[in-house]
Amino acid sequence: MAPTATPAPPTPTPTTIPPTATPEPATATPKPPTPTPKPATATPEPPTATPEPPTATPEPEPETPQAVASRNMNVRGGPGTDFAVVASAAAGDSFDINGKNQDGSWYQICCFADEQPGWVSASLVTVEGDAAAIEVAADIPEPPPTPTPAPTPTPGPTTAAPSGGGTAGGPLRGTLIYSVANMDAEQWELWEINLASGANRKLFDWRTEVDFSPNYSQIAFFAWPPAGIEPGVWIMNADYSGERLVIPAGAAYPSFSSDSSRLALTGDGVYIINSDGGGLRYLTDGEYADWSPTSNWIAHRACFGGACGLYETNADTGEQRRLTTGGSDGQPAWSPNGQQIAYISQDDGNFEIYRINADGSNKVRLTNNPSSDGLPVWSPDGQWIAFRSDRGGSWAIYAMRADGSDVRKIVDAAVLPVWFFEKMGWRP
């Protein structure tokens, strides 16, 4: 059976909703029957009570403030995302608040295994009770040592300041291909930007979700119904010529195998198909499939019996291993050398970008911003990661070094609120 996937087209959100009113049928309110009067009887006077001396009204004990989880979240061993996860909380769960950290950004709550307290981000809970009465906890644990990020290659010489694109002052090179939700024209568009010069141009209407083959000679993409070609997954040459249909409709989010002979697709699960359109087969449950550029492993998000996170599945044997345990983890993106994976997670609130080794070890948080960051893609030399973010109040593309430093804006690029499939491609 062919996979099915329905990305959302960019239709404008109505600004007003017509009022609705549900009329209720008029009903006559029956009157109760009049009770039969009874003969009056004298009301006896109560005996006079001996007055008691006044006593002080006891003051009620102050209630312990409660932290009510606003969403599913992790409970950590200390006030910060560097501490280990010790438990989880579901939306609506309520806990006693024992204290807070110095700046009030984390609450210590009670209690978990062996009656030990845990810590939750204040931004993820609602406080019921007197929040002002919460004192700084006396037993705040020391933060764990910061993991040493994997070394990144020394960048080459700095390029000249470009005429546009916001890439001045750094060695960003190559061409980035990305989608834009043009709300004025009510359509998706495919654009490219030269990162050295800042030159930017539109390529196509109604084509999105690009992926370059490992040798950058081919581009896979998703075509929407108004694209002028049959909707589905297509492949074209690097110069945008030679379009050929791989599979009509029903699938999206293509990712090339390491030898470019096959594609991983996301539909109602993860599928494998030959690049010529033959050999379609179901591989496993999941979405956001990304094929390693150096091996036969496919990284993807999945949930098995409630065990959600990132997994790796072997494209031929079906062997599987779990990489992460975050319920919101998704959009894995392999580094060009196949040794690391960037991905997104709401592990501690909003979407941020993280990086792990290919075996799931050495988790490093790369972004730390109250907005949404997502759709990471590596530069061909592995030194940079580009991503989408609405941190400036509107959606744009940014780039950072592979260790999360030196963040810079590349270009404005609007997306829909449901932006999770609109991945980008980066070639030399």
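Bear in mind the structure is a predicted one, so any value in this text is a computation, not a measurement.

Caption draft 1: Looking closely at the overall build of the protein chain. Within the protein chain one finds 0 helices and 31 strands. For the protein chain, buried positions account for 46% of its 428 residues. Long-range pairs, those at least 24 residues apart, make up 45% of the contacts in the protein chain between residues at least 6 apart in sequence. Carbon and sulfur atoms make up 53% of the accessible area of the protein chain, which amounts to about 21,400 Å² in all.

Caption draft 2: Spatial organisation of the pairing of strand β21 (residues 307-314). The buried count for β21 comes to 7 of 8 residues, which makes it a mostly enclosed element. One ladder, built from 8 bridges, connects strand β20 (residues 297-304) with β21; its direction is antiparallel. Residue pairing in the sheet places alanine 299 in a bridge with glutamate 312 of β21. Two elements, β21 and strand β22 (residues 320-322), share 3 bridges in a ladder whose sense is antiparallel. Across the sheet, threonine 313 pairs through a bridge with glutamine 320, a residue of β22.

Caption draft 3: Examining the state of the cysteines more closely. Within the structure shown, the criterion is met by 2 disulfides. Across a sulfur-sulfur distance of 1.9 Å, cysteine 303 and cysteine 308 are joined as a disulfide pair. Between cysteine 303 and cysteine 308, the S-S torsion sits near 115°, and that sign places the bridge as right-handed. Using a relative accessible area of 34% as the deciding quantity, one classes cysteine 303 as partly exposed. In this structure cysteine 308 comes out as buried when scored by relative accessible area, which is 15%. What connects to what in the protein chain, once the bonded cysteines are numbered by sequence position, is 1-2, 3-4.

Caption draft 4: Representation of unusual backbone geometry in the model. Cysteine 111 follows cysteine 110 through a cis peptide bond whose omega is -5°. Checked against the element boundaries, cysteine 111 lands in the loop between β5 (106-110) and β6 (118-121). The phi dihedral of glutamate 209 is positive, around 55°, even though this residue is not glycine. Locating glutamate 209 in the fold gives a position in strand β11 (residues 207-212).

Caption draft 5: Summary view of the packing of aromatic side chains. Inspection of the entire model under this criterion finds 17 aromatic pairs. Plain terms: the ring middles of phenylalanine 95 and phenylalanine 112 are 5.5 Å apart, the flat faces sit at 40° to each other, and that makes the pair tilted. Of this pair, phenylalanine 95 sits in strand β4 (residues 94-100) while phenylalanine 112 sits in the loop between β5 and β6, and the two are 17 residues apart along the sequence. Phenylalanine 95 sits in the buried class, given a relative accessible area of 12%. Phenylalanine 112 gets classed as buried once you look at its relative accessible area, which sits at 17%. Ring-pair connections join several aromatic residues into one group, and the members of that group are Trp188, Trp206, Phe222 and Trp224. Over the face of the ring belonging to phenylalanine 204 we find arginine 207, whose NZ or CZ atom lies 4.0 Å from the ring centre. The ring of tyrosine 398 has arginine 391 sitting right over it, with the charged end atom 5.4 Å from the ring centre.

Caption draft 6: Representation of the sheet that holds strand β24 (residues 340-345). Taking strand neighbours across the sheet as the criterion, the 4 strands line up as β23-β24-β25-β26 in an open arrangement whose pairing is antiparallel. Two strands lie at the open edges of the sheet, namely β23 (330-334) and β26 (364-365), each paired on one side alone. With 2 bridges joining them, strand β25 (residues 352-357) and β26 adopt antiparallel strand pairing. Directly across from arginine 355, in β26, lies its bridge partner valine 364.

Caption draft 7: Seen up close, the pattern of salt bridges. Scanning the entire structure with this criterion turns up 17 salt bridges. Between arginine 365 and glutamate 352 there is a salt bridge whose closest N-O contact spans 3.2 Å. Taken together, the positions of arginine 365 in strand β26 and glutamate 352 in strand β25 put the pair 13 residues apart, joining distant regions of the chain. Of the residues examined, arginine 365 reaches a relative accessible area of 25% and is grouped as partly exposed.

Procedures and definitions
- Residues numbered from 1 in each chain as written.
- Predicted model: local features only at pLDDT ≥ 70, side-chain atom pairs only at ≥ 80, totals over all residues.
- Heavy atoms only, no water.
- Helix = DSSP H or I, 4+ residues; strand = E, 2+ residues; numbered from the N terminus.
- Buried < 20%, exposed > 50% of the residue type's maximum accessible area, 1.4 Å probe, protein only.
- Contact = heavy atoms within 4.5 Å.
- Areas by Shrake-Rupley, 256 points an atom, 1.4 Å probe, with all protein chains shown as cover.
- Pairing = 2+ DSSP bridges.
- Disulfide = S-S within 2.5 Å.
- Phe/Tyr/Trp six-rings, centres within 6.5 Å; stacked < 30°, edge-to-face > 60°.
- Lys NZ or Arg CZ within 6 Å of the ring centre and 35° of its normal.
- Salt bridge = Lys/Arg side-chain N within 4 Å of Asp/Glu carboxyl O.

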